[in-house]
Amino acid sequence: MIPPGGDAEDTEALRCKWDSRYRATDRFPDPAGVLLENRHLLPTRGRALDLASGLGANALLLARWGLSVSAWDLSPVAIAALKTRAAAEGLALEAEVRDVLCHPPAPARFDVILVSHFLARDLAPAISAALLPGGLLFYQTFVRESVTDQGPGNPAYRLNRNELLRLFSDLVVRFYREEGRVGDLDRGTRDVAQLVAQRP
Ligand SMILES: C[S@@+](CC[C@H](N)C(=O)[O-])C[C@H]1O[C@@H](n2cnc3c(N)ncnc32)[C@H](O)[C@@H]1O
């Protein structure tokens, strides 16, 4: 993730980091729980964006479910792999190498926006504005108050308590989950906060 105010050199270093990670792994990520568990809230048609898609597990799922999907990520390696997978399945999916901090989505473009395991706080207003009226944001990423050591080591890239609610306070909350370290820590959905919210 690019720190606000990051320069071109930072961006290139970040791109190299993610490219090497994607080259080095055979593991395809699981789709985000916030999407799987709230599929019933999705429209059956429309335009969806997987922002900072990585290998695009969520983008592929949305396309299989009938949406016209754009997937944007900084990493050319991830985007090339996603294009290959989508083509093999004959899916309607446009995958693009794009720095979403320099080139955020335009206003009122998408029926659905999915963000998974990516946090750029300054981008929240643009994400919210990019939803069409009635459009839905599905967001899931790591919290500071975690149970395991999954996710980024730098706490700046982890959510504070209730932070997703604050970042998207202009939207109507349809689903929210943040369990922190309450109760039986061997159970539940830990380490992440999950939000589904709707543009009025
Ligand atoms: C932890 S991965 C998550 C990928 C995917 N959303 C998932 O859940 O599997 C974070 C992704 O953010 C991308 N990324 C980081 N900064 C970005 C930026 N400024 N613009 C676009 N993508 C970015 C990285 O290339 C990487 O693929």
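Let me sum up the structure you'll find in this document. (Residues numbered from 1 in each chain as written. Predicted model: local features only at pLDDT ≥ 70, side-chain atom pairs only at ≥ 80, totals over all residues. Heavy atoms only, no water.)

### Considering the pairing of strand β5 (residues 131-142)
Move 1: Most of β5 sits out of view: nine of its 12 residues are buried.
Move 2: Bridge count between strand β4 (residues 110-116) and β5: six bridges; the pairing is parallel. Residue Ser116 lies in a different strand from β5, and its bridge partner there is Gln140.
Move 3: Of the crossover connections in this fold, the one passing from β4 over helix α5 (residues 124-129) to the parallel β5 is right-handed.
Move 4: Strand direction decides the pairing type here: β5 and strand β7 (residues 192-198), joined by seven bridges, are antiparallel. For Tyr139, the partnering residue across the bridge sits in β7 and is Leu195. (Buried < 20%, exposed > 50% of the residue type's maximum accessible area, 1.4 Å probe, protein only. Helix = DSSP H or I, 4+ residues; strand = E, 2+ residues; numbered from the N terminus. Pairing = 2+ DSSP bridges. Right-handed = clockwise from strand over helix to strand, strands pointing away.)

### Focus: the nonpolar core
Within soluble globular proteins, side chains that are nonpolar generally end up buried alongside one another.
Move 1: Ile113, Ile127, Leu137, Tyr139 and Phe168 are the most contacted members of the largest nonpolar core, which totals 26 residues.
Move 2: Elements with a contribution of two residues or more to this core: β1 (47-51), β4, α5, β5 and β7.
Move 3: Setting aside residues no more than four positions away along its own chain, Tyr139 makes contact with Val34, Val115, Phe118, Leu119, Ala120, Ile127, Leu164, Phe168, Ala193, Gln194 and Leu195.
Move 4: Judged by nonpolar contacts, the second largest core, of 25 residues, contains Val34, Leu60, Ala63 and Leu91. (Core = buried A, V, L, I, M, F, W, Y, C linked by side-chain atoms within 4.5 Å. Contact = heavy atoms within 4.5 Å.)

### Re the packing of aromatic side chains
Move 1: Summed over the entire model, instances satisfying the criterion amount to three aromatic pairs.
Move 2: Consider the rings of Trp72 and Phe110, whose centres lie 6.0 Å apart with planes at 80 degrees: the pair is edge-to-face. Of the two residues, Trp72 sits in strand β2 (residues 68-73) while Phe110 sits in strand β4, which places them 38 residues apart along the sequence. Like Phe110, Trp72 is buried. (Phe/Tyr/Trp six-rings, centres within 6.5 Å; stacked < 30°, edge-to-face > 60°.)

### Thoughts on the sheet that holds β1
Move 1: The strand order across the open sheet built from seven strands is β3-β2-β1-β4-β5-β7-β6, with neighbouring strands paired in mixed fashion. Either end of the sheet is taken by a strand with one partner, and the two such strands are β3 (93-97) and β6 (172-177). Direction aside, neighbouring strands of the sheet carry axes that sit 15 degrees apart on average. (Axes fitted to C-alpha atoms, helices over the stretch in contact; angles between N-to-C directions.)

Note that all results are geometric; they support no functional claim without further evidence.
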